[in-house]
Amino acid sequence: MKKTISIAIAAAVTGFTLIPLPALAVNLTFQGSDEEALLKSQTPINQLLRVEGRAGAPGGADYELGIGLNGAQADLTGQQQLTWIDEQVYNWNLNWNPTTNTGTFSVDGIAGDISYTFDGSTGPDKFNAFSILAKSRTETGKVDPNTQIEVSVDQIAINDGNGLQNITVVDNSSGTAVPVSDPLSVQATSPNANGQTLNKRFYFLENLVDEITRITGRFTMNWDRDNGATNPQENSARSRVDFQITLFDPPVSPSQSQSVPEPSSTMAILAFAATGAFFTSKGKKLKNKQASKKS
């Protein structure tokens, strides 16, 4: 399954010269896959909402996309139907309103959206961490072996006014910066015998003072049609094949009590300032020349 990500390049125009600047990027730390250990080490940590995509059922008998504090559970606040097509890539978008604590999820090609509002009176409510999960469970008559689901995160916007940006990841265990050449993604493939494959990954903003305002990505499902496998949706597999995107607010350490501007943002400001100074200088010279001609 091919995965691509675009590379954004900032540039400032000075006269007729293009000066490339470092690409803007949102820095994340990879926090591992052990949910129990993570939640114990990050106390208190608040779950803000969960988006869940599932195999569902045919003919509108069940929903395939759900949102709520716990995803596709009894307390969900929004649901949508989706017709799964083998190997089709669906582009998704999740907007977060920091003022109202409302997350709104939409998928390209599907009319409307679904949303959930977190009750900020219950605890911390800043969206600065997330997890992505993929699960596929083989079950006779429901899900055939080698049925795969995948979800990815491509770009993130934070509250710095720079819009969607690419992602740089630092492995929290090694401290080594790893530029992202493929989107952050997890996938799960159902095993040959009855059983389940589940993969989950946690990511935090490097600076937890910042807040995520938008996150985009893709999801896809495929099944082994060449060997007679059927669409799990047709078998009413529901959550046996599933992806989840969960938003969190972990505690902020004292060292992160102040937000520092990104170097790339500072460079961009300086470049544009230099550009303005250049044109101002040119304008003054032009006026002086015109004045000397008149005299």
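Scoring rules and cut-offs
Residues numbered from 1 in each chain as written. Predicted model: local features only at pLDDT ≥ 70, side-chain atom pairs only at ≥ 80, totals over all residues. Heavy atoms only, no water. Pairing = 2+ DSSP bridges. Helix = DSSP H or I, 4+ residues; strand = E, 2+ residues; numbered from the N terminus. Axes fitted to C-alpha atoms, helices over the stretch in contact; angles between N-to-C directions. Salt bridge = Lys/Arg side-chain N within 4 Å of Asp/Glu carboxyl O. Buried < 20%, exposed > 50% of the residue type's maximum accessible area, 1.4 Å probe, protein only.

Quick look at the sheet that holds strand S14 (residues 184–189) now. Spatially, six strands are ordered S9-S8-S7-S16-S11-S14 in an open sheet, and the strand pairing comes out antiparallel. Lying at the two open borders of the sheet, with one neighbouring strand each, are strand S9 (114–117) and S14. Within this sheet the neighbouring strands show an average axis-to-axis angle of 15°, counted without direction. With six bridges joining them, strand S11 (residues 148–158) and S14 adopt antiparallel strand pairing. What sits directly across from Ser 152, in S14, is Ser 185.

On to the pattern of salt bridges, then. Overall, the coordinates contain seven salt bridges when judged by the stated rule. Salt-bridge contacts for Asp 62 lead to Arg 54; the nearest nitrogen and oxygen are separated by 3.2 Å. On the basis of relative accessible area, Asp 62 is assigned to the buried category, the value being 13%. Accessibility expressed as a relative area gives 6% for Arg 54, which makes it buried. As a salt-bridge pair, Asp 86 and Arg 225 come within 2.6 Å of each other at their nearest N and O atoms. With Asp 86 in the loop between strand S6 (78–80) and strand S7 (89–97) and Arg 225 in the loop between strand S16 (212–222) and strand S17 (238–249), this pair connects stretches of sequence that are 139 residues apart. For Arg 225, a relative accessible area of 53% corresponds to the exposed category. Here the salt bridges share partners, and the residues they tie into one network are Arg 54, Asp 62 and Arg 238.

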